[in-house]
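# Breakdown of the fold
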Amino acid sequence: MKHFSDPASCACFNLRKAARAITQHYDEALKPSGLRATQFSILAVLSKLTPAPVAHLSQVLVMDRTTLTRNLKPLVGQGLIAIQPGEEDRRRRCVLLTVKGGKALKAALPHWQAVQEQVIGRLTPARWRRMEKDLEHAVTAAGE
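Heads up: these notes are all about the structure in this document. All residue numbers refer to position in the chain's written sequence, counted from 1. Local features are withheld for residues below a pLDDT of 70 in this predicted model, meaning they are given only at 70 or higher, and side-chain atom pairs are given and counted only at 80 or more; totals for whole chains, interfaces and linings count all residues. In computing side-chain values, all of the structure's heavy atoms are included and hydrogens and water are not.

## Thoughts on the pattern of salt bridges
For this document, the term salt bridge refers to a Lys or Arg side-chain nitrogen within 4 Å of an Asp or Glu carboxyl oxygen. Following the criterion strictly, the structure yields two salt bridges and no others. Residue Glu28 pairs with Lys31 through a salt bridge whose shortest N-O separation is 3.3 Å. Between buried and exposed lies partly exposed: a residue is buried under 20% and exposed over 50% of the maximum accessible area for its type, with that area taken using a 1.4 Å probe on protein chains only. Judged by its relative accessible area of 54%, Lys31 is exposed.

## Some words on the packing of aromatic side chains
Here a pair means two rings of Phe, Tyr or Trp (six-membered ring of Trp) with centres within 6.5 Å. Their orientation is stacked below 30 degrees between planes, edge-to-face above 60, and tilted elsewhere. All chains considered together, the criterion is met by one aromatic pair. Note on Phe40 and Trp112: the rings are 5.9 Å apart at their centroids and 15° apart in plane angle, and the pair reads as stacked. With Phe40 in helix α2 (residues 37-49) and Trp112 in helix α5 (residues 99-123), the pair connects residues that are 72 residues apart, well separated along the chain. Taking relative accessible area as the criterion, Phe40 reaches 6% and is therefore assigned buried. Helix and strand definitions here come from DSSP, where helices need a minimum of 4 consecutive H or I residues and strands a minimum of 2 consecutive E residues; each element is numbered from the N-terminal end.

## Concerning the nonpolar core
Among the buried residues, those of types Ala, Val, Leu, Ile, Met, Phe, Trp, Tyr and Cys that are joined through side-chain atoms within 4.5 Å form a nonpolar core. In this structure, Leu43, Leu46, Leu57 and Leu68 are the most contacted members of the largest nonpolar core, which totals 26 residues. Those elements that place two or more of their residues in this core are α1 (11-30), α2, α3 (54-61), α4 (65-77), β3 (93-97) and α5. Contacts: residue pairs with any heavy atoms within 4.5 Å of one another. For Leu43, the residues in contact, after removing those within four places along its chain, are Leu35, Leu75, Leu80, Ile81, Leu97, Gly101 and Leu105.

## Some words on the packing of α2 against α3
As a packed pair, α2 and α3 sit with axes 11 Å apart at the nearest point and diverge in direction by 120°. One element, α2, and the other, α3, form an angle in the oblique class. Like other packed secondary-structure pairs, α2 and α3 cross with a definite hand, here right-handed. Of α3, the residues touching α2 (which contributes Ile42, Val45, Leu46 and Leu49) are His56, Leu57, Val60 and Leu61. Of the residues assigned to the contact of α2 with α3, the class counts are seven nonpolar, one polar and no charged. Angular values range over 0 to 180 degrees, each being the angle between N-to-C directions of two axes fitted as lines to C-alpha atoms, with helices fitted over their stretch in contact. Each angle receives one of four descriptions, namely roughly parallel if under 35 degrees, roughly antiparallel if over 145, roughly perpendicular if within 65 to 115, and oblique otherwise. When the near helix sits turned anticlockwise from the far one by under a right angle, the crossing is termed left-handed; a clockwise turn instead gives a right-handed crossing. We call Asp, Glu, Lys and Arg charged. Ala, Val, Leu, Ile, Met, Phe, Trp, Tyr, Cys and Pro are nonpolar, and the rest, Gly among them, are polar.

## Re a nonpolar patch on the surface
On the surface, Leu15, Met131 and Leu135 cluster together to form a nonpolar patch covering roughly 230 Å² of accessible area. Relative to the assigned elements, Leu15 resides in helix α1. Within the patch definition used here, like charges are joined within 9 Å and nonpolar side chains (Val, Leu, Ile, Met, Phe, Trp, Tyr) within 5 Å, considering only residues with over 30% relative accessible area and no salt bridge. To measure how exposed things are, a 1.4 Å probe is used in the Shrake-Rupley method; for residues, cover is taken only from the protein chains shown.

## Considering the pairing of β3
Burial runs high along β3: four of the five residues are buried. With two bridges joining them, strand β1 (residues 52-53) and β3 adopt antiparallel strand pairing. The partner of Pro53 across the bridge, within β3, is Cys94. Of the strand pairs in this sheet, strand β2 (residues 81-85) and β3 are connected by five bridges, and their pairing is antiparallel. When the sheet's bridge partners are listed, Ile83 is paired in β3 with Val95. Only strands joined by at least two bridges in the DSSP assignment are considered to pair.

## Looking at the side chain of Ser58
Mapped onto the fold, Ser58 is located in helix α3. Polar contacts, as counted here, are pairs of nitrogen or oxygen atoms within 3.5 Å of one another; within protein the pair requires one atom able to donate a hydrogen and one able to accept it, and residues that are adjacent in sequence qualify only if both atoms are side-chain atoms. Within the local environment of Ser58, its side chain forms a polar contact with the backbone oxygen of Met63, the two atoms lying 2.3 Å apart. Not counting residues within four places of it along the chain, the set of residues in contact with Ser58 comprises Met63, Asp64, Arg65 and Leu68.

So this is what it looks like as structure tokens:
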């Protein structure tokens, strides 16, 4: 086993480096839509789960609640999402995709599609399918 003095052998270092590079690439591609990659992801997940309790959304995104709350604030401010009390338990907060948020997501989709195709094309579809499975395993290995 390599020593920690070699960051290239650190799983966390390498996964975060790859995540930063990909996020920057998607951010640039999504710039015309006014959304960042993290915002696009939140809206996309909400389009399938709305309304979603904050705790559940946090689990799906593998994001701690404090970070999620910090990421939701600008989306609320832009009117793309709304946060309201849950129907069954008024103490639980639920996140909803607004009509404006749905339109923003729809407008961003062509930009996302273009960068998605570009990235997968550079990786090759077969390699991407393997990576997708490997990344799922990485999340599981981390205890999520």
